[in-house]
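Listed below, chain by chain, are the residues.
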There are 2 protein chains.
Amino acid sequence: MAFSEFRPLDEKTLIEYIKSVPAISSKLGNKFDDLSVKEVGDGNLNFVYIIVNSAGSIVIKQALPYIRCIGESWPMTKERAYFESLALKEEGRLCPEHVPEVYHFDRTMSLIGMRYVEPPHIILRKGLIAGVVYPLLAEHMADFMAKTLFFTSLLFRSTTEHKRDVGEFCGNVELCRLTEQVVFSDPYKVSEYNRWNSPYLDHDAEAVRKDNLLKLEVAELKSKFCERAQALIHGDLHTGSVMVTPKSTQVIDPEFAFYGPMGFDIGAFLGNLILAFFSQDGHANQENDRKAYKEWILKTIEDTWNLFYHKFTALWDENRNGSGEAYLPAIYDNPEVQLLVQKKYMRDLFHDSLGFGAAKMIRRIVGVAHVEDFESIADVGKRATCERRALDLAKMLLKERRKFEGITEIVSAIRQY
Amino acid sequence: MAFSEFRPLDEKTLIEYIKSVPAISSKLGNKFDDLSVKEVGDGNLNFVYIIVNSAGSIVIKQALPYIRCIGESWPMTKERAYFESLALKEEGRLCPEHVPEVYHFDRTMSLIGMRYVEPPHIILRKGLIAGVVYPLLAEHMADFMAKTLFFTSLLFRSTTEHKRDVGEFCGNVELCRLTEQVVFSDPYKVSEYNRWNSPYLDHDAEAVRKDNLLKLEVAELKSKFCERAQALIHGDLHTGSVMVTPKSTQVIDPEFAFYGPMGFDIGAFLGNLILAFFSQDGHANQENDRKAYKEWILKTIEDTWNLFYHKFTALWDENRNGSGEAYLPAIYDNPEVQLLVQKKYMRDLFHDSLGFGAAKMIRRIVGVAHVEDFESIADVGKRATCERRALDLAKMLLKERRKFEGITEIVSAIRQY
């Protein structure tokens, strides 16, 4: 069987495919008599197969030319697999501890063969719903974000490298468009795709669509998203794109990757932690009031930013005399000016992260794609209370983000809602 | 003679070349016995030939793989001619009244054949030095900037078109690097290329290199220049890139074009008008004290911004329901929010323009490339006084630009220096 043209795989043709590609069949010891195949594409977009046998394991991810969770009525280029493979390889090079290895990429088939992030790894979002503590999560995510964002920015790269890669990732425009629509547009207008916890949040959803100041702020963020090529960002760094055990953190699914504003990644992660926080009351019961867990989430929010700040500025300091073209050492030649520019850079990045994080929270409550954190709360009234608190905080953050000086103030604000 | 490989033309091979290309030889009526050829590349980078005969005229511009005014020691890709031709065609399509027509482009030869902007057109900078009034200049330049910037921004374009063109112009990276170096870096550090009116401005040049707040601000502008793909900008829109008569205004030489911040173009033009203003005292004599002319320059500065504001926002209003993806009409659906976003957009653009304009002024006084406005003042002491006033204003504008609300305040500030 040849795979010289694109075709969607099924569990049968998948095996034929694996047999035809040494780079992946070797990971299974070239043994095909005891294969176990499971389709686990519980994300929104793609088909994902886990293939395991006694000799090893692999994951095969194939992009089809539409959005899986919507269906063929919402076409979406399968070229996204190419950009996902590029991003996985780059992120893996920069931060191998937290990114699964790519074994094989087939552009014709829009197919990635990669390391299986094996159990007991689970999707972080599910762990947060279950109330599991991940003591290394903040450290690991700060590490991933600091390394992938710093090393692909002009703090480290030359303009030549930067523009070359910016140009390449301009090709991932369809995925950028999808984000623009579902994050920055649909929640602020009437859209057939929007949904919310109705009738409880009917008024809240309408208030979002009528809030001129919110629209003013989201326009600025959308423009940054579309225009500012600050670093190679993951583009979808919510808690569903992270697999965890208490000891390990693996970041997956960067098909939305492109050169965009760093704050979009940091905000996605922090915003989804805040959503997890507000969902906890909906998961509390007599055995577990979730109070201690909520404190752990708040601590993780605080630690993630603080550790990110520390790691990112440490990379900056270490590479001050490197090839990065943004702050030439001959200009930024004294400790005062170095501190001045670094503080300004990090302050702007903090405000960007708050803005993008807030936008990501809002869209998960009144836009097309919701989060299991809230959706899994059986009591819809209780769920609405949780959602409304998150939404109100997010609206305030989007409008007032420039007034916040540090993450501690954000944690205080979260406690007040 | 074949031109299948790149070769620098001389006046003899130029004629052979023209004969071999119908698209340009036809502009000369295919007559080659009465040709007059003049090399006029008085710019910094390229060779430019004017070819005239009784039947017509053309300009041939060829890029060589180095910077002409420095020599072969500063290599520079001749691919810049490709981006110049792309930009000329796009600007010409959007604003044909103010951009010369491209007849022919040869990528192998890095050669553009285009309309000769005939006498009495002269380079605007020379007109400003001579004290010539151009009553339509502000109107024409506002028109050029409003059309080229608006129609290549996300206010008019779809994300798909935008990212496609951003990606293409990422190829013009060498010219972007040159700007980064000479505008945003060299003036703020010790560089072999820097020069200034020594010894008069020795202290002033050193003060620029020791001003931490100035360095903080120029870093923000450099980052915008490198990262923000807001519109197709000319990239070098000073008064030497504009040819004028009292009735006509033609914008030439967009080889630095790429998708960058709009304020870089607006600032380049306004900043060079301000330099022209401060140079006038050096050109005053008993016959002409230049007082009225200085008032005309100030009025032109004010009119340019005000007319740009008016034209740009009028294009925005006219195209509000078009394909532009930045402000979808279903979201920005009431006059209040429309006014709110427009005012914010224009205010940010004003501040960007002031910042970039100031940076362009500074680099013309203490960087590698100076302006004839000052250089042609014979009395070097008098010249230093003019330059220092311009430099002091520029430093103030770069640091304090966010405090200015409108162009009238800028004109008042100019009068005070």
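See the structure shown above.
The model shown is predicted, which means the values in this text are computed figures rather than measured ones.

The next thing to look at is the overall build of chain A. Counting its secondary structure elements, chain A contains 15 helices and twelve strands. Over its C-alpha trace chain A gives a radius of gyration of 22 Å, about what one expects of a compact globule, namely 22 Å for 417 residues. Across its three principal directions, the C-alpha atoms of chain A cover 60 × 60 × 40 Å. Taking all 417 residues of chain A together, the buried fraction comes to 63%. Looking at chain A alone, contacts between residues at least 24 apart form 73% of all its contacts between residues at least 6 apart. For chain A, the exposed surface amounts to about 15500 Å²; the carbon and sulfur share of it is 51%. With 52 positive and 59 negative side-chain charges, chain A shows a spacing of 2 Å between the two charge centroids.

A few words on the environment of Lys163 of chain B. Its place among the elements puts Lys163 of chain B in helix α6 (residues 159-169). Under the relative-accessibility criterion, Lys163 of chain B is labelled buried at 6%. Considered as a pair, Lys163 of chain B and Ile18 of chain B are 145 residues apart in the sequence and their alpha carbons are 36 Å apart. Among all residues touching Lys163 of chain B, those that are not within four sequence positions of it are Cys170, Val173, Cys176, Cys226 and Phe258 of chain A.

Nonpolar side chains in soluble globular proteins tend to be buried together. One finds Ile301, Phe308 and Phe312 of chain A together with Ile301, Phe308 and Phe312 of chain B to be the most contacted residues of the largest nonpolar core, which totals 248 residues. Leaving out residues up to four positions away in the same chain, Phe312 of chain B has contacts with Ala146, Leu149, Phe150, Leu155, Met262, Tyr345 and Met346 of chain B.

Listed as interface residues are 46 residues of chain A and, on the opposing side, 46 residues of chain B. Ranking the residues of chain A by area buried against chain B places Lys163, Glu227 and Ile331 of chain A at the top, with a combined share of 18%. There are eight salt bridges connecting chain A and chain B. We note a salt bridge from Asp333 of chain A to Lys215 of chain B, for which the minimum N-O separation is 3.2 Å. At the level of elements, α6 (159-169), α7 (173-185), α9 (212-227) and α12 (335-366) of chain A are the ones that each hand at least two residues to the side of chain A that touches chain B. Of the residues forming the side of chain A that touches chain B, the biggest block, eleven residues, is contributed by α9 of chain A.

Tallied over the entire structure, the rule returns seven cavities of 30 Å³ or more. What the largest cavity holds in volume is close to 240 Å³. Around the largest cavity, the lining is made up of 24 residues, and of these Val166, Glu227 and Ala229 of chain A together with Val166 and Ala229 of chain B lie nearest the centre. Mapped onto the lining of the largest cavity, the elements with two or more residues apiece are α6, α9 and β12 (258-260) of chain A together with α6, α9 (212-227) and β12 (258-260) of chain B. Across the lining of the largest cavity, the residue classes tally to 16 nonpolar, two polar and six charged.

With that settled, consider unusual backbone geometry. Residue and element names in this part refer to chain A. For the bond from Pro119 to Pro120, the omega torsion is 10°, close enough to zero to count as cis. Mapped onto the secondary structure, Pro120 falls in the loop between β7 (111-114) and β8 (122-123). In this structure, Pro199 follows Ser198 across a cis peptide bond, with omega equal to 5°. Turning to its location among the elements, Pro199 is positioned in the loop between α7 and α8 (202-209). Positioned with a positive phi, Asn30 is a non-glycine residue whose angle comes to about 55°. Within the secondary structure, Asn30 is located in the loop between α2 (22-25) and β1 (36-39). Judged by relative accessible area, which is 48%, Asn30 ranks as partly exposed.

This brings us to the environment of Ala87 of chain B. All names here are of chain B. Positionally, Ala87 belongs in helix α3 (residues 80-94). When the C-alpha atoms of Ala87 and Glu255 are compared, they prove to be 7.6 Å apart, with 168 residues separating the residues in sequence. Setting aside its immediate chain neighbours within four residues, Ala87 contacts Gly92, Phe169, Pro254 and Ala257.

The next thing to look at is helix α14 (residues 380-400) of chain A. The terminal C-alpha atoms of α14 of chain A, which comprises 21 residues, lie 30 Å apart, in line with the 30 Å expected from a rise of 1.5 Å per residue. With a side-chain oxygen positioned 2.9 Å from the backbone nitrogen of Gly381 of chain A, the residue opening α14 of chain A is Asp379 of chain A.

Residues and elements named next belong to chain B. By the burial criterion, the buried members of helix α8 (residues 202-209) are Asp204, Ala205, Val208 and Arg209. Buried residues of α8 fall within an arc of 140° about the axis and therefore sit on the same side. For α8, the elements touching its buried residues are α9, α12 (335-366) and α14 (380-400).

This next bit is on the relation of the copies chain A and chain B. When chain A is fitted onto chain B, the two copies agree to an RMSD of 0.0 Å after a turn of 180° and an axial shift of 0.0 Å. As the rotation angle and translation indicate, the two copies are arranged about a two-fold axis. By residue overlap, the copies meet face to face through one surface: 100% of the interface positions of chain A are interface positions in chain B.

All right, on to the sheet that holds strand β8 (residues 122-123) of chain B then. Adjacent strands of a sheet form backbone hydrogen bonds with each other and so pair up, either parallel or antiparallel. Residue and element names in this part refer to chain B. With respect to topology, three strands assemble into an open sheet ordered β8-β10-β11, the strand pairing being antiparallel. Lying at the two open borders of the sheet, with one neighbouring strand each, are β8 and β11 (249-251). Pairing between strand β10 (residues 242-244) and β11: three bridges, direction antiparallel. Counterpart to Val242 in the pairing with β11 is Val251.

Next up on the list: the pattern of salt bridges. Taken as a whole and judged by the stated rule, the model has 80 salt bridges over all chains. A salt bridge links Arg401 of chain A to Glu217 of chain A, with the nearest nitrogen and oxygen atoms 2.9 Å apart. One end of the pair, Arg401 of chain A, is in the loop between α14 and α15 (407-416); the other, Glu217 of chain A, is in helix α9, with 184 residues separating them in the sequence. Both residues of the pair, Arg401 of chain A and Glu217 of chain A, count as buried. A salt bridge links Glu217 of chain B to Arg402 of chain B; the shortest N-O distance between them is 3.0 Å.

Thresholds applied
Counting starts from 1 at the beginning of each chain's written sequence and moves along it residue by residue. All chains are assigned letters beginning at A, and all ligands numbers beginning at 1, according to the order in which they are written. Restriction of local features to residues with pLDDT of at least 70 applies here, the model being predicted, together with a cutoff of 80 or more for giving and counting side-chain atom pairs; totals for whole chains, interfaces and linings are based on all residues. Neither water nor hydrogens contribute to the side-chain values; these are computed over all heavy atoms in the structure. Strands here are runs of E lasting at least two residues and helices are runs of H or I lasting at least four, both read from the DSSP assignment and numbered beginning at the N terminus. Radius of gyration means the value over C-alpha atoms here, while the globule rule gives 2.2 Å times the residue count to the 0.38 power. Burial classes: relative accessible area under 20% of the type maximum marks a residue as buried, over 50% as exposed, and values in between as partly exposed (1.4 Å probe, protein chains only). Any two residues having at least one pair of non-hydrogen atoms within 4.5 Å are treated as being in contact. Method for areas: the Shrake-Rupley scheme with a 1.4 Å probe, in which residue coverage is limited to the protein chains shown. Positive charges are assigned to Lys and Arg, negative charges to Asp and Glu, while His and the chain termini are left out of the count. Charge placement uses NZ in Lys and CZ in Arg. For Asp and Glu, CG and CD serve respectively. What is meant by a nonpolar core is a set of buried Ala, Val, Leu, Ile, Met, Phe, Trp, Tyr and Cys residues, joined one to another through side-chain atoms within 4.5 Å. A 1.4 Å probe defines the accessible area here, and the buried area is the portion of it lost by two parts on being joined, summed over both. What counts as a salt bridge is simple: a side-chain nitrogen of Lys or Arg found within 4 Å of a carboxyl oxygen of Asp or Glu. Cavities and pockets are found on a 1 Å grid laid over the protein atoms alone: a cavity is a set of points where a 1.4 Å probe fits but cannot escape, a pocket is an open set with protein on both sides within 12 Å along at least five of seven lines, and a lining residue has an atom within 4 Å of such a point. Grid points are joined across faces, edges and corners, and a volume is the space filled by probe spheres set on the points. Only Asp, Glu, Lys and Arg are considered charged in this grouping, and only Ala, Val, Leu, Ile, Met, Phe, Trp, Tyr, Cys and Pro are considered nonpolar; every other residue, Gly among them, is considered polar. The span you would expect from a helix comes to 1.5 Å times its residue count less one. Think of a polar contact as two N or O atoms within 3.5 Å of one another; within protein, one of them needs to be a possible hydrogen donor and the other a possible acceptor, and neighboring residues in sequence only count if both atoms come from side chains. As used here, the arc is the angular range of directions from the helix axis to the C-beta atoms. For the least-squares superposition of copies, only C-alpha atoms count, and only for residues with pLDDT at least 70 in both. Pairing between two strands is assigned when DSSP locates at least 2 bridges connecting them.

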